[in-house]
Amino acid sequence: MSGNTDFFPIVRNRYFYGKLLTVRDFEVEQRYLQQKTQLLSRLSQGAGVVCGLGVSASDDTTLLIESGMALDYQGRMLVVEEPLLRKLQMIDGQEDLQGQETAYLCLRYDETDVEPVNAVGADTGESRQFNMTREGCRLFLTAQPPEYRSLLEAMGLENVSILYASQELTLVLSAPEAVCAGQEFTVEVLVVKNERTPPVRFRLEGESAFVDSDDGRVRLEFRESPEEKRRVYTARFQLKARQLTGLDSPLFPGGGEINLELGSHSYKNYIEVETRCHLCGDEKQLEERRLVTDSLEKHLRGRDLPIYLAKLELIHSAGSMFLASVTNLPFGQRLRRETVQGSGGEMQTVTTSVRSLEYWQKPDVRAVYQHATGSLHFDFGIPAPEQYDYAVTHGTVDLTMPGGLRVNSKVYSEEIAHGLGPGAVDVRLSVEFADQAAGGETALYFGNSEVFKGKAAPAAPPWVEAAALVYPERGTMRIGLWLHDMVDGNRLTIHYFAQKPERDTSRILAQRQVSLTISPEFAHVSRRGSLRLQAEVVGSEDKGVLWAVREENGGVIDRHGVYQAPELPGTYEIVATASADDSVTASAFVIVE
């Protein structure tokens, strides 16, 4: 059974002398108190875990759920009074998880009628009724992910749009419905992935009418650190609103281009982003708009949503189901947050996010205070671990076999250069032979040739062992052979594969060499007319440019690339300089007629 789900209308008993009280009257009495208490809890506290309810793996088939309390989206209390130890096979919904790699452990309100008693004079004709109703909660498993729009809107987020959805990855965008002109605001992307999903990298880009940027475009670019272990988290982006008033516009009026990389898989598409923002002139207008657009309906969303206690990664083997990992409260349905005392005595919300930087970049931290909401956000940039690349060479050495009996004899090459210069080098050796089982085709074998001995072996390489002696200071080596048995022919060819670790800074920097182009390169414009130029920076995350007109009286150009022609006709050169590297410039020429 489930409890009453209707808050309205709120009705209470009106008592008078001589009133006949029936079951209905007592039910109204209970419902009146329940409705007001639950409505107040939902509107003033919200929904989510209040305390406890942590989930962990006791073993690979058992979950431990700590005691605790939560409020659901109807303001009802969900209480787990003592720790629970539950086998996966004991939890409702497990029968639907066969073949599923991901599941969610959910908590929902539940109530049960208890204490059966004799029902004397019952109008239903039943001889027995239940004397009490015990309020409680129910744990269950589901492979179905939440309806993200409903979930995030119930949690108070606005402008929710699904950017990408697959079994491996889901990206969900949210942005404020109203922002203040000239101030920074936060756009969030919820990232939901599986344990086997490779590191995520995405870029959402498009033109915007109200976001302050050098080229009038919004770029939300994110690269996940290879060390990221979380399966669900939020990527946050700080944008700044332009100094405009009363503008109501989508964040991406013409749609957005999403580029996604998952390991070797890439995805590119143009999508409609249902994110519309209103630009207020100042904080007073912003607060007034929030008061006007606020409604009871907004605060009562998600009435049927459960509390998602954990996201489970599953392994199926031999008809059984095992736990691979457990992610607690994947969608952050928690009421208590880290707070600090604000200057005015109010509690202030503090949130954090982490960006992955290249390993040669310096760590940095950015702090953004949202005055309207009283929240403080820290964005930390953490350098990734140092990366290495490998220089590789390959060559061959012919070793002449000794005459006479060759069993248990040894032969060595002269000292030769491996081609990688001085330093520590890793060398692998292989022996070339003619594979008679494959019609005499040339083959190479690595490791111990005894593996291929026997009647069932697919090949019969010579029984020899090869080794290398490396001289790091000279950048040379010698190769030796140990002949365990007779070898056909007078010589053997040894292939060597040498590799040397080196820092990849130069390679990455070379790949990221900054370049700059302007479009259009040539343009005509009338006297005192205007023209917008676009600059594209490649090889740097910093896409900013500095604009200038070469001629002294050749007109003016603002930081957005909008050129205002002078009164005097002529040909004028517009110069753009990359903010990332002031040695990188590009020119365009405007003919004023």
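Our structure is the block above this text.
The present account deals with the structure reproduced in this document. Source: prediction; values computed, not measured.

### Here we look at the overall build of the chain
At step 1: Each helix and strand counted, the chain has 5 helices and 42 strands in total.
At step 2: Expressed as a percentage of its 593 residues, the buried residues of the chain come to 40%.
At step 3: Contacts in the chain between residues far apart in sequence, at least 24 positions, make up 65% of those at least 6 positions apart.

### Points about the pairing of strand S5 (residues 77-80)
At step 1: Residues of S5 alternate between two faces, with Leu78 and Val80 buried on one and Met77 and Val79 left unburied on the opposite face.
At step 2: Where strand S4 (residues 68-71) lies against S5, 4 bridges are found, and the strand directions are antiparallel. Counted as the bridge partner of Met69 is Val79 from S5.

### Observations concerning empty space enclosed by the protein
At step 1: Under the defined criterion, the tally for this structure stands at 1 cavity of 30 Å³ or more.
At step 2: What the largest cavity holds in volume is close to 60 Å³.
At step 3: Taken together, Asp214, Asp215, Arg532, Leu533, Gln534, Ala535, Lys543, Val545, Trp547, His560 and Gly561 make up the full set of residues lining the largest cavity.
At step 4: Contributing elements (two or more residues each) for the lining of the largest cavity: strand S37 (534-538) and strand S38 (545-549).
At step 5: Its residues assigned to classes, the lining of the largest cavity shows 4 nonpolar, 3 polar and 4 charged.

### Observations concerning a nonpolar patch on the surface
At step 1: A cluster of nonpolar residues, Phe8, Ile10, Leu43 and Leu296, forms a patch on the protein surface that exposes about 330 Å² of accessible area.
At step 2: With respect to the element layout, Phe8 can be found in the segment before helix H1 (23-44).
At step 3: On the basis of relative accessible area, Phe8 is assigned to the partly exposed category, the value being 43%.

### Some remarks on the sheet that holds strand S13 (residues 200-207)
At step 1: Taken together, the 4 strands give an open sheet; going across it, the order is S14-S13-S17-S18, and neighbouring strands pair in antiparallel fashion. If you trace the sheet from one side to the other, it starts and ends with strand S14 (217-223) and strand S18 (265-271), each paired once. Geometrically, the sheet is characterised by an average inter-axis angle of 10 degrees between neighbouring strands, direction not taken into account.
At step 2: Sheet topology places strand S17 (residues 256-262) next to S18; 7 bridges connect them, and they run antiparallel. Its bridge partner being in S18, Gly256 is matched across the sheet by Ile271.

### As for the pairing of strand S21 (residues 320-328)
At step 1: Two strands pair when backbone bridges link them, and strand S20 (residues 307-317) and S21 are joined in this way by 8 bridges, in the antiparallel orientation. The partner of Glu313 across the bridge, within S21, is Ser325.
At step 2: Between S20 and the antiparallel strand that follows it, S21, lie 2 residues; Ala318 among them carries a positive phi value of about 50 degrees.

### What to know about the sheet that holds strand S10 (residues 169-174)
Within a sheet, adjacent strands bond to each other through the backbone by hydrogen bonds, running parallel or antiparallel.
At step 1: One open sheet holds the 4 strands; their spatial order is S9-S10-S12-S15, and the pairing between them is antiparallel. The two strands at the open ends of the sheet, each matched to only one other strand, are strand S9 (161-165) and strand S15 (232-240). Across this sheet, the average inter-strand angle for adjacent strands is 20 degrees, counted without regard to direction.
At step 2: As paired elements, S10 and strand S12 (residues 184-193) share 6 bridges and run antiparallel to each other.

### Digging into the packing of aromatic side chains
At step 1: Within the structure shown, the criterion is met by 12 aromatic pairs.
At step 2: Geometrically, the ring pair formed by Tyr148 and Phe331 is edge-to-face, given 5.9 Å between the ring centres and 75 degrees between the ring planes. Taken together, the positions of Tyr148 in helix H2 (residues 148-154) and Phe331 in the loop between S21 and strand S22 (339-341) put the pair 183 residues apart, joining distant regions of the chain.
At step 3: Of the residues examined, Phe331 reaches a relative accessible area of 6% and is grouped as buried.
At step 4: The structure contains a cluster of three or more aromatic residues connected by ring pairs, namely Tyr104, Tyr148, Tyr308 and Phe331.
At step 5: The cationic tip of Lys19 hangs over the ring face of Tyr15; the distance from NZ or CZ to the ring centre is 5.4 Å.

### As for unusual backbone geometry
What is expected of a backbone is that most residues other than glycine have negative phi and most peptide bonds are trans.
At step 1: A cis amide bond, omega -5 degrees, links Ser519 with the succeeding residue Pro520.
At step 2: By the element assignment, Pro520 lies in the loop between strand S34 (515-519) and strand S35 (522-525).
At step 3: Within the chain, Leu329 stands out as a residue other than glycine whose phi angle is a positive 35 degrees.
At step 4: Relative to the assigned elements, Leu329 resides in the loop between S21 and S22.

### Description of the pattern of salt bridges
At step 1: All chains considered together, the criterion is met by 23 salt bridges.
At step 2: Put simply, Lys268 and Glu257 hold a salt bridge, and the shortest N to O gap is 3.6 Å. Linking Lys268 in strand S18 with Glu257 in strand S17, this pair joins segments that are 11 residues apart in sequence.
At step 3: A residue is classified by how much of its surface remains accessible, and Glu257, at 14% relative accessible area, is buried.
At step 4: Each of Arg203, Glu205, Asp215, Arg217 and Arg219 takes part in salt bridges that share partners, so that together they form one network.

### Notes on H1
At step 1: Look at H1: 32 Å from first C-alpha to last across 22 residues, which is about the 32 Å you get at 1.5 Å a residue.
At step 2: Within H1, the full set of buried residues consists of Asp25, Val28, Tyr32, Gln35, Gln38, Leu39, Ser41 and Arg42.
At step 3: Turning to H1, the residues buried within the fold contact S4, H2 and helix H4 (296-299).
At step 4: Gly46 sits one or two residues past H1 and shows a positive phi near 95 degrees.

### Details of the state of the cysteines
At step 1: Under the definition given, this model contains 0 disulfides.
At step 2: Considering cysteine sulfurs only, Cys280 is the nearest to Cys180, which forms no disulfide, with 6.9 Å between them.
At step 3: A relative accessible area of 6% means that Cys180 is categorised as buried.

### Some thoughts on the side chain of Thr275
At step 1: When you line up the elements, Thr275 lands in the loop between S18 and strand S19 (276-280).
At step 2: A relative accessible area of 2% places Thr275 in the buried class.
At step 3: Residues in contact with Thr275, not counting those within four places in the same chain, are Asn159, Ser161, Leu173, Ala175, Ser249, Pro250 and Leu251.

### Examining the nonpolar core
At step 1: Of all hydrophobic cores here, the largest spans 43 residues; its most connected members are Leu63, Leu105, Leu309 and Phe331.
At step 2: Those elements giving two or more residues to this core turn out to be strand S3 (62-65), S5, strand S7 (102-118), strand S8 (128-142), H2, S12, S20 and S21.

### Focus: the side chain of Gln94
At step 1: Considering the arrangement of structural elements, one finds Gln94 in the loop between strand S6 (84-87) and S7.
At step 2: Not counting chain neighbours up to four residues away, the residues in contact with Gln94 comprise Leu88, Gln89, Leu141 and Met321.

Basis of the calculations
Residues numbered from 1 in each chain as written. Predicted model: local features only at pLDDT ≥ 70, side-chain atom pairs only at ≥ 80, totals over all residues. Heavy atoms only, no water. Helix = DSSP H or I, 4+ residues; strand = E, 2+ residues; numbered from the N terminus. Buried < 20%, exposed > 50% of the residue type's maximum accessible area, 1.4 Å probe, protein only. Contact = heavy atoms within 4.5 Å. Pairing = 2+ DSSP bridges. 1 Å grid on protein atoms, 1.4 Å probe; cavity = no way out; pocket = protein on both sides within 12 Å on 5 of 7 lines; lining within 4 Å. Points joined across faces, edges and corners; volume = space filled by probe spheres on them. Nonpolar A, V, L, I, M, F, W, Y, C, P; charged D, E, K, R; others polar. Patch = residues over 30% accessible without salt bridge, like charges linked within 9 Å, V, L, I, M, F, W, Y side chains within 5 Å. Areas by Shrake-Rupley, 256 points an atom, 1.4 Å probe, with all protein chains shown as cover. Salt bridge = Lys/Arg side-chain N within 4 Å of Asp/Glu carboxyl O. Axes fitted to C-alpha atoms, helices over the stretch in contact; angles between N-to-C directions. Phe/Tyr/Trp six-rings, centres within 6.5 Å; stacked < 30°, edge-to-face > 60°. Lys NZ or Arg CZ within 6 Å of the ring centre and 35° of its normal. Expected span 1.5 Å × (residues − 1). Disulfide = S-S within 2.5 Å. Core = buried A, V, L, I, M, F, W, Y, C linked by side-chain atoms within 4.5 Å.

As far as function goes, none of this settles anything; it's purely spatial.
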